[in-house]
Amino acid sequence: MRSPKDFFAPLAVGAPDPVREIPALPSRMIHFFDPSNEKMAAKVPDLAKKVDVLLGNLEDAVRADRKEAARNGLVSIAKSTDFGATQLWTRINSLDSPWVLDDLITLVTEIGDKLDVIMVPKVEGAQDIHYVDRLLAQLEARAGLRRPLLVHAILETASGVANVEEIAGASPRMQGISLGPADLAASRRMKTTRVGGGHPGYLVRTDPVGDDLETGRTTYQQDLWHYTVARMVDACAMHGILPYYGPFGDIRDVVACEDQFRNAFLLGCVGTWTLHPVQIDIARRVFSPDPKDVAWARRVIAAMGDGTGAVMIDGKMQDDASVKQCRVVAELADALATRDPELAKAYDEATKEALA
Ligand SMILES: CCC(=O)SCCNC(=O)CCNC(=O)[C@H](O)C(C)(C)COP(=O)(O)OP(=O)(O)OC[C@H]1O[C@@H](n2cnc3c(N)ncnc32)[C@H](O)[C@@H]1OP(=O)(O)O
Ligand SMILES: O=CC(=O)O
Ligand SMILES: [Mg+2]
């Protein structure tokens, strides 16, 4: 464990200074593409205008015999594309794989100035982040980078969940954590075969009336991921980094996808992965606060003045704690509005109406 005094010291001579605060840039959707897939790669320039984050995936879902093509494809896409304000991330192969060392060496050396965040899969504990942290510092120094790369961990092993707080605080590079429900289910030996989402067998049932155990007993499907997402959100909030939902694999079921995304948003996540173009607008809709909620938040903030005391608005008591919640919503809306003019207009119109 490093002394707190050394926490912000660069880990290699000549490496850039670590950041002291993680920028809260819009990242409602982290859109995955396989850089070795020509059809997907061709869509990158257009996607860059639509999404907050584009992620060139090198790990799972890229065939073993396409790993090098994916890595080289990402280098050439990064060099030839104007991403504007859209962030470029990558997901490297796992730390025990034969590809990861070349992933890091090639990407930092060739396109370290274009990449914003490196997503590390199957993180088990702080030791994995420490390894990547030092290696990145060495590679950044050698490449002469002026800005440190940030690191994002996927929460997808039982051990990672048990250690999530120490992972979140393992390095000043830690930008955020995503839920990885598919690998996590396998690691926990859960008896599911899905990628994210609920399961009809995971339920609670109302009590029987009298001796009749069969009739009138409504069941409610429960969320398999509630505990993990809530724990991840707390670990991230505690360390000033950002939590995300991960993949939702039933591409056809846009309704359940939206529900799962919204649960994560309400619990504190700032965004999600999108695996297919059809999920992009769902993520935008869900992870942008509703204009009515933004208008309400702005109204409460205006009424609360310096933020202390208690007032009544439309029959609801507001005080120091509720105004803090409203500030979370209003600040997110302001940040998204700078990137999304349509949203900015919707927020302003709803606010005008609410204050009229
Ligand atoms: C489970 C744990 C994890 O690790 S999840 C993260 C890893 N998985 C991924 O990254 C998967 C990414 N997505 C995909 O590979 C594809 O979307 C899958 C799911 C295979 C479906 O592809 P496909 O059968 O081509 O779908 P489709 O015919 O409906 O596609 C229509 C057009 O859209 C394209 N498309 C598809 N996905 C993407 C994408 N992620 N980014 C950019 N473009 C995409 C397709 O190529 C297809 O293009 P076209 O219309 O034929 O030109
Ligand atoms: O990588 C993501 C997962 O769900 O596994
Ligand atoms: Mg995984």
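In this text the structure is predicted, and so the values were computed from the model without any measurement.

1. Side note on the coordination of the magnesium ion (ligand 3)
Octahedral metals with six donors have ideal donor angles of 90 or 180 degrees. Tetrahedral metals with four donors have an ideal donor angle of 109.5 degrees.
Here is step 1: For the magnesium ion (ligand 3), the full set of protein donor atoms is E156 (OE) and D183 (OD), at a range of 2.1 Å. On the criterion of sequence distance, the pair formed by E156 in the loop between β5 (150-155) and α5 (158-162) and D183 in helix α7 (residues 181-187) is long-range, its members being 27 residues apart.
Here is step 2: Residue classification places E156 among the buried positions, given a relative accessible area of 4%.

2. A closer look at the site of ligand 1
Here is step 1: Close to ligand 1 lie 16 residues; H31, F32, K43, L275 and H276 are nearest.
Here is step 2: In the model, a nitrogen atom of ligand 1 is placed 2.8 Å from a nitrogen or oxygen of the L275 main chain.
Here is step 3: With respect to ligand 1, the side chain of H276 contributes an N or O atom lying 2.7 Å from an oxygen atom.
Here is step 4: Across the complex, the protein chains shield 61% of the 970 Å² of accessible surface that ligand 1 would expose by itself.
Here is step 5: Per-element tally for the shell around ligand 1: the top contributor is helix α1 (residues 38-47), with four residues.
Here is step 6: Its residues placed into classes, the shell around ligand 1 shows nine nonpolar, three polar and four charged.

3. Here's the deal with the site of ligand 2
Here is step 1: Every residue close to ligand 2 is listed here: R91, E156, G180, P181, A182, D183, P247 and W273.
Here is step 2: In the environment of ligand 2, an oxygen atom lies 2.9 Å from a nitrogen or oxygen atom belonging to the side chain of E156.
Here is step 3: Here P181 contributes a backbone N or O atom positioned 3.1 Å from an oxygen atom of ligand 2.
Here is step 4: Across the complex, the protein chains shield 93% of the 190 Å² of accessible surface that ligand 2 would expose by itself.
Here is step 5: It is α7 that provides the largest number of residues to the shell around ligand 2, a total of three residues.
Here is step 6: Of the residues in the shell around ligand 2, the class split is four nonpolar, one polar and three charged.

4. Remarks on the pattern of salt bridges
Here is step 1: The final tally for this structure, using the stated rule, is 24 salt bridges.
Here is step 2: Notably, a salt bridge pairs D46 with K49, separated by 3.4 Å at the nearest N-O pair.
Here is step 3: Exposure remark for K49: the relative accessible area of 68% places this residue in the exposed category.
Here is step 4: The partner of R299 in a salt bridge is D314, with the nearest N and O atoms 3.0 Å apart. One end of the pair, R299, is in helix α11 (residues 291-303); the other, D314, is in the loop between β11 (311-313) and β12 (316-318), with 15 residues separating them in the sequence.
Here is step 5: Judged by relative accessible area, R299 falls into the partly exposed class, the value being 23%.
Here is step 6: Several salt bridges share partner residues, and in doing so they unite R28, D52, D281, R284, R339 and D340 into one network.

5. What about helix α8 (residues 226-239)?
Here is step 1: For α8, with 14 residues, the first-to-last C-alpha span of 20 Å sits near the 20 Å given by 1.5 Å per residue.
Here is step 2: When we look at burial in α8, the residues that qualify are T228, V229, M232, V233, A235 and C236. Down the axis of α8, the buried side of the element spans an arc of 165°, and every buried residue falls inside it. Seen from the open side of α8, the exposed residues pointing more than 90 degrees away from its buried face are D234, A237 and M238.
Here is step 3: G240 sits one or two positions beyond α8 and adopts a positive phi of about 65°.

6. Points about the UniProt feature "domain: HpcH/HpaI aldolase/citrate lyase" (unreviewed entry) in the protein chain
Here is step 1: Annotation from UniProt places "domain: HpcH/HpaI aldolase/citrate lyase" (unreviewed entry) at residues 29-194.
Here is step 2: Helix makes up 43% of residues 29-194 and strand makes up 19%, while its end C-alpha atoms are separated by 21 Å.

7. Overview of the domain arrangement of the protein chain
Here is step 1: The domains assigned to the protein chain are domain 1 (29-287) and domain 2 (291-355).
Here is step 2: The centre of domain 1, based on its C-alpha atoms, is set 30 Å off from the matching centre of domain 2.
Here is step 3: Each partner contributes to the interface: domain 1 provides eight residues, whereas domain 2 provides four residues.
Here is step 4: Both faces considered, domain 1 and domain 2 share a buried interface measuring about 360 Å² in area, 37% of it formed by carbon and sulfur atoms.
Here is step 5: A per-residue breakdown of the area domain 1 buries against domain 2 is headed by D52, R284 and F287, which together make up 61% of the total.

8. Brief notes about the packing of α11 against helix α13 (residues 341-355)
Here is step 1: For the pair α11 and α13, the least separation of the axes is 8 Å and the interaxial angle reads 55°. As far as their axial angle goes, α13 and α11 are oblique. Judged by the sense of rotation from one axis to the other, the crossing of α11 with α13 is right-handed. Where α11 abuts α13, its residues P291, K292, V294, A295, R298 and R299 lie against A346, Y347, D348, A350, T351, A354 and L355.
Here is step 2: In terms of residue class, the contact of α11 with α13 is built from eight nonpolar, one polar and four charged.

9. Structural notes on the sheet that holds strand β4 (residues 117-120)
Here is step 1: Reading across the sheet, the eight strands line up as β9-β6-β5-β4-β3-β2-β1-β10 and stay open at both edges, with parallel pairing between neighbours. Two strands close off the open sheet at either side, each with one partner strand: β9 (242-244) and β10 (272-274). Across this sheet, the average inter-strand angle for adjacent strands is 25°, counted without regard to direction.
Here is step 2: Two elements, strand β1 (residues 29-33) and β10, share three bridges in a ladder whose sense is parallel. Residue pairing for β10: I30 is matched across the bridge by W273.
Here is step 3: Together, β4, β5 and β6 (174-179) form the strand contacts of helix α4 (residues 126-143), whose direction differs from that of β5 by roughly 155°.

Reading the values: rules and limits
- Residues numbered from 1 in each chain as written.
- Chains lettered and ligands numbered in written order.
- Predicted model: local features only at pLDDT ≥ 70, side-chain atom pairs only at ≥ 80, totals over all residues.
- Heavy atoms only, no water.
- Donors = N, O, S within 2.8 Å, 3.2 Å for Na, K, Ca; no water.
- Helix = DSSP H or I, 4+ residues; strand = E, 2+ residues; numbered from the N terminus.
- Buried < 20%, exposed > 50% of the residue type's maximum accessible area, 1.4 Å probe, protein only.
- Near = heavy atom within 4 Å.
- Polar contact = N/O pair within 3.5 Å; in protein donor to acceptor, adjacent residues only side chain to side chain.
- Areas by Shrake-Rupley, 256 points an atom, 1.4 Å probe, with all protein chains shown as cover.
- Nonpolar A, V, L, I, M, F, W, Y, C, P; charged D, E, K, R; others polar.
- Salt bridge = Lys/Arg side-chain N within 4 Å of Asp/Glu carboxyl O.
- Expected span 1.5 Å × (residues − 1).
- Arc of directions from axis to C-beta.
- UniProt positions renumbered as here; feature names shortened; annotations may be inferred.
- Domains from an automatic or database assignment.
- Contact = heavy atoms within 4.5 Å.
- Buried area = accessible area lost by both parts, 1.4 Å probe.
- Axes fitted to C-alpha atoms, helices over the stretch in contact; angles between N-to-C directions.
- Parallel < 35°, antiparallel > 145°, perpendicular 65-115°, else oblique.
- Left-handed = near helix turned anticlockwise from the far one by under 90°.
- Pairing = 2+ DSSP bridges.

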